[in-house]
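This is what each chain is made of:
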Amino acid sequence: NIKKYYKTYYVPNNMAVCLAGDFDPDEMIRIIDTYFGSMEPNKNLPPLPLTDKEDVTEPVSVEVLGLEAANVSLGWRFPGAASPEKDLLDIISLIVNNGQAGLVDLNLIQQQRILSAYAGLYSMSDYCAFVMGASPKQGQTLEEARDLLLGQIDKLRKGEFSEELISASVNNLKLRQMRRIESNAGRANWFVNAFINGLDWKDEVDRLDRLAQITKEEIVDFANAHFKDNYAVIYKREGKDPSELKISKPQITPIVMNRDASSKFLTEIQQSEVKPIEPVFLDFEKDLKKLKAKSDVPVLYKQNVNNGVFSLIYVFDMGNNTDKAIGTAFEYMKYLGTSTKSPEEIKTAFYNLACSFGVYPGSERVYVMLSGLAENMNKALELFEELLADAQVNPEAYANLTTDILKKRTDAKLNQGQNFNKLLQYAIWGPDSPDKNILSETELNTMDPGELVAKIKQLNHFQHRILYYGPDTDTQFLATLNELHRVPATLAPVPEDNRFKQEPIKENNVYLAKYDAKQIYMAMVANDGKVYDPAIEPIREMYNEYFSGNMNSIVFQEMREARGLAYSAYAYLMAPSKLNRPYILRAFIATQNDKMDDALKAFDQILNEMPESENAFNLAKDGLITRLRTDRIIKENVLWAYISAQDLGLDTDRRKELFEQAQNMTLSNVKAFQEKWVKNRTYSYCILGNEEELDLPQLETYGPIIRLSQEDIFGY
């Protein structure tokens, strides 16, 4: 049946080869002819099966139960991606929800009437679906959340949106298209989507021109004709499904590994002559410019010579570790206006400019980001600087924000992934971790919102760096920055942050946190206190590549293939991101509760007695070297690469040394590294699962069990 399916559909009259990249077109066509030219078409190719669905005339309601937080979803069915309706649906999607100034954005999210909400078009070849979804606020029912979403569709039908929103949406689609075609993957996937959806390429190229001709009247008429009670609604409620079906677990036969065997096909590929692609490494003295703006603000500059898109980032080396209220302050800023502009006016103005802004406070850094169409950068920057300097207190918005923060914290405790991440951070940092350095419920409720606004206004008074990638020349950009960036003559130094430490793990222990699921998440964390050492970096990279970096790696073959223990598993020695941080050895597996002991034994075995295979090593080595040959750090990523190098005390591209040393590395080098850096480590074992289904006596053989509550790992 598999072969019959292949012969039916994998034929030249049912396929396209989609290419984008640095190649000679004529040479590429010759290669394609060589390997695909002999394929025979299927003259009896069956048409795409299309299920003829009955029209929906009234809401179709479905309820599902699960452990995670409650939410509601709605959907309307439309013809496929090649239909004439698609253009109107694309514009309607942005009118309803565009992340800044859509109906959902301004009427629900900005006004804090819902915890979270979204809307958009899901495009497929046979059908499209316009979908909406929401998570309710504290005390809000799913039915109330549904009605809020339907209310925005009602506004669409009544034409309660500005005509300017249509032209702004076209400009934002123009921006998306510019970003889409910046990468080879984006270009090739555009071809792929056009092919599988049966779209004429000319129609794709002309799409923006067509969308620009759409009128408000057409949108309103379309909405009234198609958005009725013809939707499906799914209520996802919290709870255990009483009708849950179970299947017996099948026995898995272990696969015998043949790492050192090579098929004829593999041998032919390995012996073929390939003209090597020469690697390109960064030269930080040539590939970017280091400038100075007013108030001695350092500027890292890289010109965009490809299109009219810009990105501008202020980088402050301070974050939640320094002040745990910073994250809340900039979450609050989303709901604030200035003395002359409402929050809705600000969001609308940015969307009309096809620009967006955001402030992203991390544990150690705050990133202030502005990006969009370069032709509008000056207006967007002026507006953004005005908001930072003139944000106005809104007590009602803060009260709503506090309620929403507490609801999101409650919802987070229902999520398996978030529980595991908090448990992992506990193992890495200990009881006092950056993840738990947040305002308590009492602090949130008693906080004066004026203090948060003061933190927003003070941000530009601290020392920072600026990263720019865009079409302006360095002279033009500095002139703009010096005119519009609101900073005092002398900037204050950023506060020191030395509180949080990743202490060495000196004894084995088991951290056990409860989550009622049939699958456990398990991690092993080791830290012997050794900090960043550039001398070991090349061999560390090679070890990771051999041990866990690809589908031929030891972890993949042993944990997933040979033993059938998991779909997801990895292990690697993680380099620190800063000089004063230690190396962390991490292993992870997601598996069934009753396979926990097998997984732990398997990891213990391969971490301490690493399987050795010359064949697997050669594949890993070739893969690493090939990736370094073809990898290119370009555009704004050059600026981020420089920041990362500086964090480690480097002034060169560390890939260069890795490439040079990798040529002469051997399996014995990897083995020696494993013996010194990995073997016989002391671990904190992190287990998230249903304690009632775990073999606790066996688990205690790995170390004393320390049970952690959700309050222990979340900090609230």
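All figures in this text were calculated on a predicted structure; none of them were measured in a lab. Counting starts from 1 at the beginning of each chain's written sequence and moves along it residue by residue. Only residues with pLDDT of at least 70 are given local features in this predicted model, and only at 80 or more are side-chain atom pairs given and counted; all residues enter the totals for whole chains, interfaces and linings. With hydrogens and water set aside, each side-chain value is computed from the structure's full complement of heavy atoms.

Q: Explain the overall build of the chain to me, and be specific about the residues and the numbers.
A: In DSSP terms, a helix is any run of H or I states spanning at least four residues, a strand is any run of E spanning at least two, and both are numbered starting from the N terminus. Of the regular secondary structure elements, the chain holds 28 helices and 17 strands. For the radius of gyration, the atom set is restricted to C-alpha positions; the globular benchmark scales as 2.2 Å times the number of residues to the power 0.38. Computed over C-alpha atoms, the radius of gyration of the chain comes to 28 Å, within 12% of the 27 Å expected from 2.2 N^0.38 for 716 residues, which places it in the range of a compact globule. The C-alpha extent of the chain, read off along each of the three principal axes, is 75 × 70 × 65 Å. Residue burial is assigned from relative accessible area. The probe radius is 1.4 Å, only protein chains are included, and a residue is buried under 20% of its type maximum, exposed over 50%, and partly exposed in between. Taking all 716 residues of the chain together, the buried fraction comes to 47%. Contacts are residue-level and defined by heavy atoms, with any inter-residue pair within 4.5 Å sufficient. Across the chain, the fraction of contacts at a sequence separation of at least 24, relative to all contacts at a separation of at least 6, is 83%. Here the chain carries 81 positive and 103 negative side-chain charges, and the mean point of each set is 2 Å from the other. The charged-residue count follows a simple rule in which Lys and Arg add positive charge and Asp and Glu add negative charge, with His and chain termini not counted at all. Note that the charge is assigned to NZ on lysines, CZ on arginines, CG on aspartates and CD on glutamates.

Q: Run through a nonpolar patch on the surface, naming residues and quoting values.
A: Excluding any residue in a salt bridge, patches collect residues exceeding 30% relative accessible area, merging like charges within 9 Å and nonpolar Val, Leu, Ile, Met, Phe, Trp and Tyr side chains within 5 Å. Per-residue and other accessible areas follow the Shrake-Rupley method at a 1.4 Å probe size, with only the shown protein chains counted as cover for residues. Any Lys or Arg side-chain nitrogen located within 4 Å of an Asp or Glu carboxyl oxygen qualifies as a salt bridge. Side chains of M15, V17, L19, F23, I31, Y35 and F36 sit close together on the surface and give an oily, nonpolar patch of about 610 Å² of accessible area. Of note, F36 is situated in helix 2 (residues 25-36).

Q: Would you mind going over the environment of E507 in detail, with residue names and values included?
A: Within the secondary structure, E507 sits in the loop between helix 19 (474-484) and strand 12 (509-514). You can call E507 exposed: its relative accessible area is 62%. In sequence terms E507 and G198 are 309 residues apart; their C-alpha atoms lie 61 Å from each other. Filtering out sequence-adjacent residues up to four positions away, E507 remains in contact with T682 and Y683.

Q: Account for the sheet that holds strand 5 (residues 231-238), naming residues and giving values.
A: Pairing between the strands of a sheet is mediated by backbone hydrogen bonds and can be parallel or antiparallel. In spatial order, the strands read 1-5-2-4-3; together these 5 strands make up an open sheet with mixed pairing. Looking at which strands have only one partner, the edges of the open sheet turn out to be strand 1 (60-66) and strand 3 (116-123). Taken over all neighbouring pairs, the strand axes of this sheet differ in orientation by 15 degrees on average, direction set aside. Pairing analysis gives 7 bridges linking strand 1 to strand 5, with the strands arranged parallel. Across the sheet, V62 pairs through a bridge with I234, a residue of strand 5. When DSSP finds two or more bridges between a pair of strands, those strands are recorded as paired. For helices, the fitted axis covers only the stretch in contact; all axes are lines through C-alpha atoms, and the angles between them, taken along N-to-C directions, range from 0 to 180 degrees.

Q: Let's hear about the pairing of strand 9 (residues 355-361): which residues, and what values?
A: Note that strand 9 and strand 10 (residues 366-373) share 7 bridges and pair antiparallel. Within the sheet, the bridge partner assigned to C355 lies in strand 10 and is G372. A loop of 4 residues connects strand 9 with strand 10, the two strands running antiparallel in sequence.

Q: Please provide a residue-by-residue account of the packing of aromatic side chains, values included.
A: Two aromatic rings are characterised by how far apart their centres lie and by the angle between their planes. Here a pair means two rings of Phe, Tyr or Trp (six-membered ring of Trp) with centres within 6.5 Å. Their orientation is stacked below 30 degrees between planes, edge-to-face above 60, and tilted elsewhere. Inspection of the entire model under this criterion finds 33 aromatic pairs. Geometrically, the ring pair formed by W190 and W201 is edge-to-face, given 5.0 Å between the ring centres and 65 degrees between the ring planes. One end of the pair, W190, is in helix 7 (residues 184-196); the other, W201, is in helix 8 (residues 201-205), and 11 residues separate them in sequence. Look at Y685 and Y702: their rings are 5.4 Å apart centre to centre, the planes differ by 55 degrees, and that puts the pair in the tilted class. With Y685 in strand 16 (residues 684-689) and Y702 in the loop between helix 27 (696-699) and strand 17 (705-708), the pair connects residues that are 17 residues apart, well separated along the chain. Of the two residues examined, Y685 and Y702, each falls in the buried class. Pairwise contacts between aromatic rings join W76, F78, F130, F222, F227 and Y231 into one cluster. The ring of Y716 carries the charged tip of R409 above its face, separated from the ring centre by 5.2 Å. Should the NZ of a Lys or the CZ of an Arg lie within 6 Å of a ring centre and within 35 degrees of the ring normal, that charge is described as sitting over the ring.

Q: So what about unusual backbone geometry? Which residues, and what values?
A: Across the chain, the bulk of peptide bonds are trans and the bulk of non-glycine residues have phi less than zero. Backbone geometry at K635 places phi at a positive 55 degrees, although glycine is not the residue there. Owing to a relative accessible area of 16%, K635 belongs among the buried residues under this scheme. Positive phi outside glycine occurs at N680, with the angle close to 55 degrees.

Q: Can you lay out the environment of L648 for me, pointing to particular residues and giving the numbers?
A: Looking at the element boundaries, L648 is found in the loop between helix 24 (637-647) and helix 25 (655-662). For the pair L648 and P576, spaced 72 residues apart in sequence, the C-alpha separation works out to 8.4 Å.

Q: A description of the sheet that holds strand 14 (residues 568-574) should follow, citing residues and the corresponding values.
A: The strand order across the open sheet built from 6 strands is 14-15-13-16-12-17, with neighbouring strands paired in mixed fashion. Every other strand in the sheet has two partners, leaving strand 14 and strand 17 as the edge strands with one partner each. Pairwise comparison of adjacent strand axes, ignoring direction, gives a mean angle of 15 degrees for this sheet. Bridge analysis of strand 13 (residues 519-526) against strand 16 gives 5 bridges, and the strand direction is antiparallel. Bridge assignment links M524 to a residue of strand 16, and that residue is Y685.

Q: Any details on helix 19? Residues and values, ideally.
A: Those residues of helix 19 that fall on the buried side of the exposure criterion are D474, F477, L478, T480, L481 and L484. Seen from one end, helix 19 has its buried residues packed into an arc of 160 degrees, which puts them on one side. Exposed and facing more than 90 degrees away from the buried side of helix 19 are T475 and E483. Along its buried surface, helix 19 packs onto strand 6 (289-292), strand 7 (298-303), strand 8 (309-316), helix 14 (377-390) and strand 11 (465-470). As used here, the arc is the angular range of directions from the helix axis to the C-beta atoms.

Q: Tell me about the nonpolar core, and name the residues and values.
A: As used here, the term nonpolar core means buried Ala, Val, Leu, Ile, Met, Phe, Trp, Tyr and Cys residues forming a set that is joined through side-chain atoms within 4.5 Å. Y546, F547, M559, I589, F603, L607 and V670 are the most contacted members of the largest nonpolar core, which has 73 residues in total. Residues F330, L439, L459 and F462 belong to the second largest nonpolar core, which totals 56 residues.

Q: So what's going on with the state of the cysteines? Residues and values would help.
A: Simply put, disulfide is the name for a covalent bond between the sulfur atoms of two cysteines. Throughout, a disulfide means two cysteine sulfur atoms within 2.5 Å of one another. Taken as a whole and assessed by the stated rule, the structure comprises 0 disulfides. Cysteine C128 remains unbridged, with the sulfur of C18 as its closest cysteine sulfur at 19 Å.

Q: Provide a residue-level description of the side chain of Q416, including the pertinent values.
A: Topologically, Q416 is positioned in helix 16 (residues 416-429). Excluding anything up to four places from it in sequence, Q416 contacts E68, Y515, A517, Q519, Y521 and L688.

Q: How would you explain the environment of P254 if you had to name every residue and give the values?
A: Along the chain, P254 falls in the loop between strand 5 and helix 11 (264-271). Sequence separation between P254 and I196 is 58 residues; the distance between their C-alpha atoms is 39 Å.

Q: Any chance you could break down the packing of helix 23 (residues 614-630) against helix 25 for me, citing the residues and the numbers?
A: At a closest axis distance of 10 Å, the pairing of helix 23 and helix 25 adopts a crossing angle of 140 degrees. Relative to helix 25, the element helix 23 lies oblique. The hand of the helix 23/helix 25 crossing is left-handed. Contacts between helix 23 and helix 25 involve K621, L624, I625, L628 and R629 on the former and, on the latter, R655, L658, F659 and A662. Ten residues, namely Ala, Val, Leu, Ile, Met, Phe, Trp, Tyr, Cys and Pro, are considered nonpolar, four, namely Asp, Glu, Lys and Arg, are considered charged, and the remaining ones, Gly among them, are considered polar. Tallied by class, residues from the contact of helix 23 with helix 25 come to 6 nonpolar, no polar and 3 charged. Relative orientations are named as follows: roughly parallel for angles under 35 degrees, roughly antiparallel for angles over 145 degrees, roughly perpendicular for angles from 65 to 115 degrees, and oblique for any other angle. Put simply, a crossing is left-handed when the front helix is turned counterclockwise from the back one by less than a right angle, and right-handed when it is turned clockwise.

Q: Give a description of the side chain of H485 that names residues and reports values.
A: Positionally, H485 belongs in the loop between helix 19 and strand 12. Under the relative-accessibility criterion, H485 is labelled buried at 2%. A distance of 3.3 Å separates polar atoms of two side chains, one belonging to H485 and the other to Y314. Contacts of H485, omitting those with residues within four sequence positions, involve K294, Y314, E385, N460, H464 and I466. N or O atoms closer than or at 3.5 Å make up a polar contact, with two conditions inside protein: a donor-capable atom paired with an acceptor-capable one, and, for residues adjacent in sequence, both atoms drawn from side chains.

Q: Tell me about empty space enclosed by the protein, residues and numbers included.
A: Points on a 1 Å grid, built from protein atoms alone, make a cavity when a 1.4 Å probe fits but cannot get out and make a pocket when they are open with protein on both sides within 12 Å along at least 5 of 7 lines; residues with an atom within 4 Å of a point are the lining residues. Grid points are joined across faces, edges and corners, and a volume is the space filled by probe spheres set on the points. Applying the stated rule across the entire model yields 1 cavity of 30 Å³ or more. Size it by volume and the largest cavity reaches roughly 40 Å³. For the largest cavity, the full set of lining residues is M333, K334, L336, P343, I346, K347, F357 and L387. Looking at the lining of the largest cavity element by element, the count peaks at 3 residues for helix 13 (residues 343-352). Of the residues in the lining of the largest cavity, the class split is 6 nonpolar, no polar and 2 charged.

Interpretation note: all reported values are geometric properties and have no functional meaning in isolation.
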